[in-house]
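Secondary and tertiary structure notes
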Amino acid sequence: MPQIVRDVSQLRAIVAGWKAGGDAVGVVPTMGALHEGHLSLVRAAKIDCARVIVTIFVNPKQFNAAEDLQKYPRTEEADAALLAPLGVDVIFAPPAEAVYPPGFATTISVTGISGPLEGAHRPGHFDGMVTVVAKLFGMTAADRAYFGQKDWQQLQVVQRLVADLNLAVKITGCETIREADGLAMSSRNGQLSAKARACAPALHTAMQRAGAAIRGGAPVPIAMRAARAEVLAAGFDEVEYIELRSAVMLERVSRLDGPVRMLAAAMIGGVRLIDNIAV
Ligand SMILES: Nc1ncnc2c1ncn2[C@@H]1O[C@H](COP(=O)(O)OP(=O)(O)OP(=O)(O)O)[C@@H](O)[C@H]1O
Ligand SMILES: CC(C)(CO)[C@@H](O)C(=O)[O-]
Ligand code: BAL
């Protein structure tokens, strides 16, 4: 079993020992409730790094809705069992007081690319995420960190943070792992009712169809409207956004000119799902 560490000084002492021996250290930041998507990040980290830390911390600062935080799944024992066969060295699962001790007063904001999409629909989310990710980089002193492309905008924001603050950590973005029916794996999928779970893959199907239409020459606004209608007809309650954006700067695009991403967020049965694909 990986060693479970909750104390920041203990973690730093362990990492200092590894580094003194010349080992490269990789970190996989998570909020727990692990699934194959997370495990794919761990496998990528194991290929590059002699030592791997998985962090499990449900970061209150990045939740913009109290109910979302309260019902977020917490399954630490099962998580540890999933990580055991992968050769993870340490699970760092600090209590909130270790991450945000009394007097904690810093918030880090990445402007620009944090604004649209998730930033517009989850006020405060990216400030909370960036602040904790910067802290996790500081606490783990990792040389490399692994993030999923499922949270595409998060990945771009983290890359910006690292570049802007000259942080000595190399970021790797790993492909989205999907269920057989195309639904992107997510800890929140477990909150779907059987009926909602059956409808949920429609989000990815509609995005793929719209992507193919755009590649075939369909006007972007028409393809986006059709995708939105398809998702709603499949049983989703609301489409928060479904948009074509430049892949890194996340600016609106209406033509396939350079790397382009389609990104979407939609609600079904009280659960918020996000997805994105290359177009
Ligand atoms: N299906 C997936 N494929 C690849 N990476 C993933 C997948 N799901 C999550 N990740 C990545 O795992 C890391 C931790 O994510 P997190 O713990 O929030 O899990 P999650 O499944 O995205 O949960 P949720 O979106 O419900 O909060 C992030 O870098 C995220 O992008
Ligand atoms: C990167 C992260 C672990 C920071 O809390 C979280 O945003 C997530 O799980 O994607
Ligand atoms: N997976 C992104 C983290 C969040 O939803 O808060």
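Residues numbered from 1 in each chain as written. Chains lettered and ligands numbered in written order. Predicted model: local features only at pLDDT ≥ 70, side-chain atom pairs only at ≥ 80, totals over all residues.

Put simply, the rule reads: UniProt positions are given in the numbering used here, feature names are shortened, and annotations may be inferred rather than shown by experiment.
Where an unreviewed UniProt entry is consulted, the protein appears under the name Pantothenate synthetase, with the organism given as Pseudorhodobacter turbinis. What UniProt states about the protein under its Subcellular location (unreviewed entry) heading is, verbatim, "Cytoplasm". Checking UniProt for the protein, the heading Catalytic activity (unreviewed entry) contains the comment "(R)-pantoate + beta-alanine + ATP = (R)-pantothenate + AMP + diphosphate + H(+)".

1. Some points on the site of ligand 2
Convention followed: Only the C-beta atom, placed from the backbone, is used; a residue is near a molecule or strand if that atom lies within 6 Å of it. Helix numbering and strand numbering both begin at the N terminus, where a helix is a DSSP run of H or I of at least 4 residues and a strand a DSSP run of E of at least 2. We call Asp, Glu, Lys and Arg charged. Ala, Val, Leu, Ile, Met, Phe, Trp, Tyr, Cys and Pro are nonpolar, and the rest, Gly among them, are polar.
Inspection of the region around ligand 2 gives P29, T30, M31, N59, Q62, M129, V132, V133, D151 and Q154 as its neighbouring residues. Among the secondary structure elements, those contributing two or more residues to the shell around ligand 2 are β2 (25-30) and α7 (125-140). Looking at the shell around ligand 2, the element that brings in the most residues is α7, giving 3 residues. Across the shell around ligand 2, the residue classes tally to 5 nonpolar, 4 polar and 1 charged.

2. Some words on the sheet that holds strand β4 (residues 90-92)
Definition in use: Should DSSP find at least two bridges between two strands, the strands are regarded as paired. Axis lines are fitted to C-alpha atoms, over the contacting stretch for helices. Their N-to-C directions set the angle, which ranges from 0 to 180 degrees. By definition, residue pairs are in contact when their C-beta atoms, positioned from the backbone, come within 7 Å.
The strand order across the open sheet formed by 6 strands is β1-β4-β3-β2-β5-β6, and the pairing between neighbours is parallel. If you trace the sheet from one side to the other, it starts and ends with β1 (3-5) and β6 (170-174), each paired once. In this sheet, neighbouring strand axes are inclined to one another by 25° on average, regardless of whether the strands run parallel or antiparallel. In this structure, strand β3 (residues 51-56) lies alongside β4, joined through 3 bridges in parallel fashion. Looking at the pairing, I53 lines up with V90 of β4. Here helix α8 (residues 152-164) sits on the sheet in contact with β5 (144-148) and β6, set at roughly 170° to β6.

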